[in-house]
Amino acid sequence: MRTLVVLAWRNIWRNKRRTWITAASIFFAVLLSTLMVSIQKGAWDRMEESVVNYYFGYVQIHGRGYWEDRSIDRAFAETDSLRRLVEEIPGVETTVPRLESFALAAHGERTLGVMAVGIDPEREHAMTRLRERLVQGSYFEDDEEAVLVAEGMAERLDIQAGDTLVLLSQGYHGVNAAGKYVVKGLIHFGSPELNRLMVYLPLPVAQYFYGADGLITSIALKVTEKDDVPQILATLQQRLDTTRYEVMDWHQMMPELVEARAVDTAGNYLMLLILYLIVSFGIFGTILMMTAERTYEFGVLVAIGMRRLQLSVEVWLEVLFIALLGTLLGFLASFPLVYYFHRHPIDLSGSPEMAETYAQFGFEPVFPAAFEPMVFLGQAIVVFIITSVLALYPFWKIGRLQPVTAMRH
Amino acid sequence: MNVLDITGVTKVYNPDTVPVHALRGVDLEVSAGEFTAIVGPSGSGKTTLLNLIGGLDRPTAGQIRINGIDLATLSANKLIDFRRDHIGFVFQSYNLIPVLTARENAEFVMLLQKRPRAEREARVTQLLREVGLEDRMDYRPTQLSGGQQQRVAVVRALAPRPRFILADEPTANLDSVSTANLLDIMARLNREEGVTFLFSTHDQRVIDRARRVVRLEDGQIVSDEVFDR
């Protein structure tokens with residue numbers, strides 16, 4: 001094998017220009033695809049993080065049927081025993097109770113449909129770091145008659161901290177809900193949708209507003225490891241009374257987000273496919289030339305006693321070495337570039353039109369690159385597979401080679 | 001004892017379209033230690049005969065036995081291994097591997113045989129010294145003259161101690177000094193190593209050194225002479 005490796009390595013430098021041109025095409029493919037996949041993954045990870053970590057959580061418990069109609073009438077009481085039962089499950093770090101419903105928010109002449117959510121300020125902060133996302137005003141100190149408003153909504157209603165917000169809604173079992181609250185602060189959300197929708201009230205204030213004394217509509221779970229979610233979900237479904245409660249992970253709660261990511265990723269893969277198809281033709285051209293111009297030499301090698309399989313492996317190693325060279329250089333160039341965009345995301349918020357366009361798709365106009373070994377490894381695997389598949393050609397060609405015919409070349 | 005027995009060998013190219021009879025019922029026996037030239041004009045069938053003896057091609061009819069083994073009974077892979085282990089090849093245009101040095105080229109077949117490194121080194125060093133290339137061992141083929149390349153090719157053929165060496169027009173691309181030099185070396189190795197040499201040639205200088213000359217014309221042996229040289 002050592003002989004084959006030495007032969008292959010030296011052979012690729014017989015035609016330096018061709019080797020460098022082929023390696024360069026692989027280099028650019030790896031560079032572009034690594035960058036593309038990293039930014040796409042980074043953008044979606046950020047979006048999921050915005051939505052999941054900053055609000056939904058990876059798992060939620062609701063009254064049975066709540067997620068289907070989002071009716072406050074399916075509210076339930078968070079008893080101590082329920083809370084203990086959930087928090088004792090390994091992997092569950094903390095639980096966050098919420099009372100959620102839709103309301104009409106008004107300030108001056110402006111009105112807007114919003115999600116008015118009652119929260120336990122300390123438990124909510126423990127999971128979603130809500131206090132840290134204040135951009136104006138201050139956080140809840142106790143169960144005060146006040147609201148925290150999402151930044152985007154505040155902009156639409158033209159309100160500031162210290163202003164008054166009127167909320168109107170239909171409460172528990174049809175009760176009229178109306179209230180007037182001081183805006184305690186403004187909060188920034190990564191997700192443009194949440195940034196447009198959210199109004200927070202202290203839980204007892206929301207329960208009074210909705211006429212749902214002591215009730216909540218959901219418990220969001222903060223988990224230690226994202227990978228534990230399936231196990232936690234299964235345990236909850238075993239331990240909870242499923243005739244009263246439903247347990248959902250974020251995939252079930254937001255299938256549109258999962259689907260949108262899948263569609264976008266598929267589109268990205270299509271682009272990568274085209275890119276790699278072009279590169280494959282480049283590599284194949286090199287292989288064609290390599291085998292055509294060395295037919296005589298192959299004939300001699302088989303004549304003096306080199307088995308066809310050994311010869312095929314040697315040629316495959318040549319192609320692999322060129323591919324590895326291109327891939328390695330691609331990595332060397334893409335590592336710092338991806339790392340740079342990981343630390344300094346592409347920020348399009350300076351352009352309001354672009355920001356608005358991305359907001360329509362639910363994206364914050366900030367695109368960090370994911371800096372993950374799997375992204376780089378994935379490209380190496382793709383190049384290896386392409387090389388191996390293309391190397392079937394010399395295997396086929398050499399397999400059929402007759403020394404006498406080859407030496408007439 | 002015969003190392004080579006050829007019985008009624010015929011080779012027809014393009015049998016289904018325009019048949020070309022390259023060999024017509026050739027019979028030949030070669031004993032161990034011979035230094036034999038197969039001669040004849042272009043198109044007489046010399047190279048075809050050598051290709052068949054070397055197992056590089058299959059006859060249309062007839063039998064070729066080397067050390068008693070009928071080549072027709074060997075599978076494609078077995079035939080390659082047989083060539084590697086029993087036959088040395090010297091080609092008209094040297095055919096060294098351009099990316100390997102003289103030493104690496106010389107030991108290439110032994111490497112394919114997976115012979116131990118110490119054995120390879122000792123054998124190749126000895127042979128390269130004998131052919132006067134001890135100071136060119138680490139040179140690549142492009143840094144060697146035609147005569148030097150052909151000497152490396154001879155060492156490559158001889159290094160694994162084959163039963164016999166087939167040389168197809170080995171001096172065709174060499175000047176007279178290089179030819180004389182190469183023939184001296186091959187004659188000496190034939191004597192000292194006892195290896196059988198079988199040439200195809202129409203070079204009179206080679207014919208003059210051969211101890212047996214087999215003449216082919218139109219695919220048939222027309223004369224077979226032995227000389228006391």
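A. Summary view of the overall build of chain B. Broken down by element type, chain B carries 8 helices and 10 strands. Here chain B holds 229 residues, and the buried ones make up 55% of them. In chain B, the proportion of contacts linking residues at least 24 apart, taken out of those at least 6 apart, comes to 69%. Just so you have it, chain B exposes about 9700 Å², and 46% of that area is on carbon and sulfur atoms. Across chain B, the centroid of the 29 positively charged side chains sits 5 Å from that of the 30 negatively charged ones.

B. Representation of the nonpolar core in the model. Counting residues in hydrophobic clusters, the biggest one holds 85 residues, and the most contacted among them are Leu4(B), Ile6(B), Leu49(B), Ile53(B) and Phe108(B). Considering each element in turn, this core owes the most residues, 14 residues, to helix 13 (residues 308-343) of chain A. Setting aside its immediate chain neighbours within four residues, Leu4(B) contacts Leu28(B), Glu29(B), Val30(B), Ile53(B), Ile64(B), Arg65(B), Ile66(B) and Leu198(B). Judged by nonpolar contacts, the second largest core, of 76 residues, contains Val92(A), Tyr139(A), Leu194(A) and Ile219(A).

C. Representation of the interface of chain A and chain B in the model. The interface of chain A with chain B comprises 21 residues on the first partner and 26 residues on the second. Overall, the association of chain A and chain B removes approximately 2100 Å² of surface from exposure, summing both partners, and the carbon and sulfur fraction of that is 62%. For the chain A face of the interface with chain B, the top three residues by lost area are Arg10(A), Ile304(A) and Arg307(A), together amounting to 31%. Residue Asp81(B) pairs with Arg307(A) through a salt bridge whose shortest N-O separation is 2.4 Å. Where chain A touches chain B, the interface holds 7 residue pairs in polar contact (both at pLDDT 80 or more). For the side of chain A that touches chain B, the secondary-structure elements that each account for two or more residues are helix 1 (2-12), helix 12 (295-303), helix 13 and helix 17 (403-406) of chain A. Examining the composition of the side of chain A that touches chain B, we find that 6 residues originate from one element, helix 12 of chain A, more than from any other. A breakdown of the residues in the side of chain A that touches chain B according to their chemical character gives 11 nonpolar, 4 polar and 6 charged.

D. The domain arrangement of chain A, seen in detail. Splitting chain A by domain gives domain 1 (2-51 + 257-408) and domain 2 (65-241). For domain 1 of chain A versus domain 2 of chain A, the distance between C-alpha centres works out to 48 Å.

E. Here's a closer look at the sheet that holds strand 6 (residues 87-90) of chain B. Residues and elements named next belong to chain B. If you walk across this open sheet you meet the 6 strands as 6-7-8-3-9-10, and the pairing is mixed. Bordering the open sheet on either side are strand 6 and strand 10 (220-226), each of which pairs with just one other strand. The average undirected angle you get between the axes of adjacent strands in this sheet is 15°. Bridging between strand 9 (residues 212-217) and strand 10 involves 6 bridges; their strand directions are antiparallel. Within the sheet, the bridge partner assigned to Glu 217 lies in strand 10 and is Gln 220. Against the sheet, helix 2 (residues 76-86) makes contact with strand 6 and strand 7 (164-168), and its axis sits at roughly 80° relative to strand 6, the strand it touches most. Along the sheet, helix 7 (residues 176-193) makes contact with strand 3 (35-39) and strand 8 (196-201), crossing strand 8 at roughly 150°.

F. Up close: the pairing of strand 8 of chain B. All names here are of chain B. In terms of burial, strand 8 is largely enclosed, as 6 of its 6 residues are buried. Covered by surrounding structure in strand 8 are Thr 196, Leu 198 and Ser 200 together with Phe 197, Phe 199 and Thr 201, the residues of both alternating faces. Examined bridge by bridge, strand 3 and strand 8 share 5 bridges and lie parallel to one another. Paired with Val 39 across the two strands is Thr 201, which belongs to strand 8. Looking at chain direction, strand 7 and strand 8 are connected through 5 bridges and run parallel. Its bridge partner being in strand 8, Ile 165 is matched across the sheet by Phe 197. Between the parallel elements strand 7 and strand 8, the chain passes through helix 7 in a crossover that is right-handed.

G. Summary view of the pattern of salt bridges. Enumeration according to the criterion identifies 33 salt bridges over all chains in this entry. A salt bridge links Glu144(A) to Lys184(A); the shortest N-O distance between them is 2.9 Å. With Glu144(A) in the loop between strand 5 (134-137) and strand 6 (146-150) and Lys184(A) in strand 8 (residues 176-187), this residue pair connects regions lying 40 residues apart in the sequence. Given a relative accessible area of 15%, Lys184(A) falls into the buried group. Among the salt bridges present, the one from Arg123(B) reaches Glu193(B), with a minimum N-O distance of 2.8 Å. Of this pair, Arg123(B) sits in helix 5 (residues 117-130) while Glu193(B) sits in helix 7, and the two are 70 residues apart along the sequence. Judged by its relative accessible area of 4%, Arg123(B) falls in the buried class.

Conventions used here
- Residues numbered from 1 in each chain as written.
- Chains lettered and ligands numbered in written order.
- Predicted model: local features only at pLDDT ≥ 70, side-chain atom pairs only at ≥ 80, totals over all residues.
- Heavy atoms only, no water.
- Helix = DSSP H or I, 4+ residues; strand = E, 2+ residues; numbered from the N terminus.
- Buried < 20%, exposed > 50% of the residue type's maximum accessible area, 1.4 Å probe, protein only.
- Contact = heavy atoms within 4.5 Å.
- Areas by Shrake-Rupley, 256 points an atom, 1.4 Å probe, with all protein chains shown as cover.
- Lys, Arg positive; Asp, Glu negative; His and termini not counted.
- Charge placed at Lys NZ, Arg CZ, Asp CG, Glu CD.
- Core = buried A, V, L, I, M, F, W, Y, C linked by side-chain atoms within 4.5 Å.
- Buried area = accessible area lost by both parts, 1.4 Å probe.
- Salt bridge = Lys/Arg side-chain N within 4 Å of Asp/Glu carboxyl O.
- Polar contact = N/O pair within 3.5 Å; in protein donor to acceptor, adjacent residues only side chain to side chain.
- Nonpolar A, V, L, I, M, F, W, Y, C, P; charged D, E, K, R; others polar.
- Domains from an automatic or database assignment.
- Pairing = 2+ DSSP bridges.
- Axes fitted to C-alpha atoms, helices over the stretch in contact; angles between N-to-C directions.
- Right-handed = clockwise from strand over helix to strand, strands pointing away.

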